[in-house]
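Residue-level structural notes
The residues making up each chain are set out below.
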Amino acid sequence: MCPLLLKERSASRKDAVPSHTIYSQEGGFVLVLVLLLTGFLLLLGSALLTIASSERQVGSNDRSGAQALYLAEAAIERTRRLLPGFSVNDVLVNNLLLGGWINGTSTDSGTYRATVTNNVASIGGLPQDGGTAVCGSTTCDIDGLVVITGTGTFQGSLRVVRVVVEVPPILRPPAPLTLVNSTVDPLFDGESFLVSGFDRNLDGGAGPSPARPAIALVSSEAASAVLGILTPGQQSRVLGVGATPSVAVVANAATSDTLQRVKLQLARQADRVFVNPGTISEDLRRIDGSGQVTLVTGHPSADSNRGLDTAGDVILEGSGHGSGVLVVTGELTLRGSYRFDGAVLLVGDGSRLTLEGDSMIIGSVVIANRTTSHAGRAGFAIRDRAQLHFSQETLRGAARLLSARLRTWQEIPASQ
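Let us look at the structure shown here.

**So, the pairing of strand β19 (residues 339-348)**
Within a regular beta strand, the side chains point alternately toward one face of the sheet and then the other, so they alternate between its two faces. With respect to burial, β19 is a largely interior element, nine of its 10 residues being buried. The pairing of strand β17 (residues 321-328) with β19 spans eight bridges and is parallel. From the neighbouring strand, V325 faces β19, where its bridge partner is A343. The sheet contact formed by β19 and strand β21 (residues 360-369) spans 10 bridges and is parallel. By the bridge assignment, V344 is partnered in β21 with V365.

If you want it as structure tokens, here you go:
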């Protein structure tokens, strides 16, 4: 072989890189790449798991917060339903009158509780109560507005709702017979009737509520008109707190405008509506004997409020029985042995009450004449053996049909 060719081959073998060395370098690079990719995937997976866990936690917190809010609102609603059946000032002194649950009730869905206080500060644009007398740890109510604070707790979440509600004034009357006009047109006939401000239960026994005046009026002129027509024999038939006859001028009676608003509110939830019915002898109760909201109006086309401001007169006679809340826009007459248990609101055109025969109302009557009929005076006539008794028990029954009206609603921080 040519020496030159052998020399070239020898040089080629000397300069060549071993193949196993190339493979080793490529393997190291791939290993590093795999390790980097694995690390990246691990970081990405960890991040995704963290995000998913955070989202689950956020979702869980949102659900817990929503459930706590529902519980706070449930406490508000339960209090709204119960409150009208009690004296507001009694509840301000002792919230437990509404039930032991108010201090906290645990359920499978969480815990809720409520507190009732007076509106001692302006809330939601509503004026504060100007009362100064003290009821428990707050001032006594004189404007019918109170504050309910509901608290809900669920799985560590706490939500607080505060509302201002208005208790229907017909369910917190100052007397069994209240007239809110400054002038009145009264009539008493005979010496066998009875108007009593002493609390009476349906079984005839004495109720636990404090005695009230038999007749409450808003002006000294009206009080003088009532006292001036009572004969000596009739005076002992008007009984209640204070002197006999028990007739008093009060400052806490609802105004005519307030009663008008209540009437319109009740009209929206009436169970039965009668338009100028004339005489009714049937029961004004539900089939099971429980109370209902009954409304008597004038003709629907007679005024802008669909007859609610026009006299709708009714005579209840016979041996019928009514209970709950009765709203009449004109004159109401009970005769025979008809009996009504609950709250009666007479507000409208020439509102007037007549009780005669052996008729009876156990509860309360509030009268507001809003027109010039009967010379602009709220009137009543009580004769024969008719009776009118105050009864907190029947007013509580009426309260089950109503709720305290919501005026403002706001969620507040738990620290407030």
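**Considering the pairing of strand β23 (residues 387-390)**
Sheet topology note: the strand β9 (residues 194-196)/β23 ladder contains three bridges and is parallel. Residue pairing in the sheet places L194 in a bridge with Q387 of β23. For β21 and β23, the ladder comprises four bridges, and the chain directions are parallel. Bridge pairing in β23 places I362 opposite H389.

**Thoughts on the packing of aromatic side chains**
Enumeration over the complete set of coordinates arrives at three aromatic pairs. Relative to F193, the ring of F188 lies with its centre 5.3 Å away and its plane at 25°, an arrangement referred to as stacked. Put simply, the rings of F188, F193 and F380 touch in pairs and so form one group of aromatic residues.

**Describing helix α6 (residues 256-268)**
For α6, built from 13 residues, the straight-helix expectation of 18 Å at 1.5 Å per residue is met to within 8% by its first-to-last C-alpha distance of 19 Å. What α6 keeps buried is the set T258, L259, Q260, V262, K263, Q265 and L266. Contacts made by the buried residues of α6 are with β6 (157-166), β15 (292-297), β17, β19, β21 and β24 (405-412).

**Regarding the nonpolar core**
Ranked by internal contacts, the top residues of the largest apolar core, which has 39 residues, are L177, I215, L332, L353 and F380. In contact with L332, other than residues within four places in its own chain, are V314, L316, L326, V344, L346, R352, L353 and T354.

**Some details on the sheet that holds strand β22 (residues 378-383)**
Ordered in space as β8-β22-β20-β18-β16-β14, the six strands form an open sheet in which the pairing is parallel. Edge positions in the sheet fall to β8 (184-189) and β14 (278-280), since each has one partner strand and no second. Direction aside, the axes of adjacent strands within the sheet are offset by 10° on average. Helix α4 (residues 220-229) contacts β8 and β22 of the sheet and is inclined by roughly 20° relative to β8.

Conventions and cut-offs
- Residues numbered from 1 in each chain as written.
- Predicted model: local features only at pLDDT ≥ 70, side-chain atom pairs only at ≥ 80, totals over all residues.
- Heavy atoms only, no water.
- Buried < 20%, exposed > 50% of the residue type's maximum accessible area, 1.4 Å probe, protein only.
- Helix = DSSP H or I, 4+ residues; strand = E, 2+ residues; numbered from the N terminus.
- Pairing = 2+ DSSP bridges.
- Phe/Tyr/Trp six-rings, centres within 6.5 Å; stacked < 30°, edge-to-face > 60°.
- Expected span 1.5 Å × (residues − 1).
- Contact = heavy atoms within 4.5 Å.
- Core = buried A, V, L, I, M, F, W, Y, C linked by side-chain atoms within 4.5 Å.
- Axes fitted to C-alpha atoms, helices over the stretch in contact; angles between N-to-C directions.

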